[in-house]
Amino acid sequence: MTSTSATNSNSRCFAMACVAASFVLLAGCSLKQDMAQQPKNRPLSPSDFFTDGRSARPFVENTVARGSVLDDEMIVSKESNVFPLPLSQELLERGENRYRIFCTPCHGLQGDGNGMVAMRGMKHPPSYHQDRLRQVPNGYIYDVITNGFGAMLGYSAQLAPRDRWAIVAYVRALQLSRNAKISDLPPDVREKVLHPPAEKKPETHGAGAPGGKAE
Ligand code: HEC
């Protein structure tokens, strides 16, 4: 008797466990279906909800991104020679770094327009060392970087305003590197250029006697 009732209650337990498990499984399945089938758009997927057929929406006109109001202070007109940031060694080095990445492919390391891309067929950019570009105001160079010029695309998407100005500073430094007057130099550097320290001549020793006499 006892063994049969034990078996009965065992098998009842088992049946109940099965029912419970199948509920859990069913619930799991239906949940999974809901999640998988919820209406949504994947990045750049088409959509017939909007008339232009795109699910990705353009910014509402006049949207101002968080933080970008500060950039307004760096907008300078094309005709202006203002430089809106304090000049520093650090800014110039940042400019050199960005210039090497974004401009040298076409304009070359020295700014003479002999970058790799230009050497291989793209329209040759003008040299920064021509008189016309030496005389354009800072705002003009900033505008070319921001909006592009002729065959050159703008770099506003890749370069934040501060970096664009850092590059303007570096382009100016490149121009000066080939066109500075002695009087533009700070006095101590001027002195070194005008009276360079006498160059030490490498000691000459008898042929075939490297090292020579020890003294
Ligand atoms: C993909 C090649 C390419 C890159 C990269 C490039 N430029 Fe240019 N750039 C050109 C070409 C080509 C021109 C001449 C465009 C024309 O006359 O149609 C030009 C012209 C210019 C001019 C002269 C505009 C004038 O009035 O003649 C400046 C200044 C200039 N670029 C600055 C830059 C700076 C700064 C960068 C880096 C942020 C840069 N460019 C990156 C190809 C490039």
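Everything discussed here concerns the structure shown above.
Let me begin by describing the structure that accompanies this report. (Residues numbered from 1 in each chain as written. Predicted model: local features only at pLDDT ≥ 70, side-chain atom pairs only at ≥ 80, totals over all residues.)

Helix and strand content of the protein: 8 helices and 0 strands. In the protein, the succession of α and β elements from N to C terminus is α-α-α-α-α-α-α-α. Counting all 215 residues of the protein, 13% fall into the buried class. Within the protein, residue pairs in contact and separated by at least 24 positions form 53% of the contacts whose partners lie at least 6 positions apart. (Helix = DSSP H or I, 4+ residues; strand = E, 2+ residues; numbered from the N terminus. Buried ≥ 20, exposed ≤ 12 C-beta atoms within 10 Å, placed from the backbone. Contact = placed C-beta atoms within 7 Å.)

Turning our attention to the site of the ligand. Taken together, 21 residues sit near the ligand, with Cys103, Cys106, Pro125, Gly150 and Met152 positioned nearest. Among the secondary structure elements, those contributing two or more residues to the shell around the ligand are α3 (104–107), α6 (138–147) and α7 (161–178). (Near = placed C-beta within 6 Å.)

To continue, consider unusual backbone geometry. Phi at Leu44 takes a positive value of approximately 65°, unusual for a residue other than glycine. Among the structural elements, Leu44 can be located in the loop between α1 (2–37) and α2 (89–102). Its 8 C-beta neighbours within 10 Å are what place Leu44 among the exposed residues. Phi at Asn62 takes a positive value of approximately 65°, unusual for a residue other than glycine. By the element assignment, Asn62 lies in the loop between α1 and α2. When the 5 C-beta atoms within 10 Å are taken as the criterion, Asn62 is described as exposed.

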